[in-house]
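# Descriptive analysis of the structure
Each chain, letter by letter, is given below.
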Amino acid sequence: MKVGLLVRIEAEPEHADEVEALLRGAQELAEQEPGTVTWFAFRENATTFGVFDTFEDEQGRQAHLVGQIAAALGEIARTKLSAPPVIVPVDLLGAMVS
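Note that the structure is a prediction, hence the values are computed from the model and not measured. (Residues numbered from 1 in each chain as written. Predicted model: local features only at pLDDT ≥ 70, side-chain atom pairs only at ≥ 80, totals over all residues. Heavy atoms only, no water.)

## Some thoughts on the overall build of the chain
On a plain count of helices and strands, the chain comes out with three helices and four strands. When the elements of the chain are put in sequence order from the N terminus, they spell out β-α-β-β-α-α-β. Relative to a compact globule of 98 residues, whose C-alpha radius of gyration would be 13 Å, the chain shows 13 Å and is just as compact. In terms of principal-axis extent, the alpha carbons of the chain reach across some 35 × 25 × 20 Å. In the chain, buried positions account for 33% of the 98 residues. In the chain, the proportion of contacts linking residues at least 24 apart, taken out of those at least 6 apart, comes to 72%. Side chains of the chain carry 7 positive and 16 negative charges; the gap between the two charge centres is 2 Å. (Helix = DSSP H or I, 4+ residues; strand = E, 2+ residues; numbered from the N terminus. Rg over C-alpha atoms; globule rule 2.2 N^0.38 Å. Buried < 20%, exposed > 50% of the residue type's maximum accessible area, 1.4 Å probe, protein only. Contact = heavy atoms within 4.5 Å. Lys, Arg positive; Asp, Glu negative; His and termini not counted. Charge placed at Lys NZ, Arg CZ, Asp CG, Glu CD.)

See the structure below:
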């Protein structure tokens with residue numbers, strides 16, 4: 001794993017449960033992406049969610065950014081999020097996976 005994405009998602013309070021359900025369901029989509037090595041979805045508080053995923057190379061990261069999960073986030077951003085998702089590309093310096 002060499003590169004990753006850190007995504008912060010802020011839901012409208014009345015849509016937080018729907019955003020959680022979308023992220024839970026997105027795991028299946030992530031598992032189907034050959035370039036995605038790891039994928040984590042998390043909830044920080046009542047309305048703040050996030051995704052952290054890793055890729056072997058830039059090609060895998062770019063494929064993910066135009067994939068089904070990104071499309072679904074873009075679709076709900078207009079109606080269920082209080083702001084567009086903040087997507088930050090990161091370079092991995094180290095990883096421990098057991």
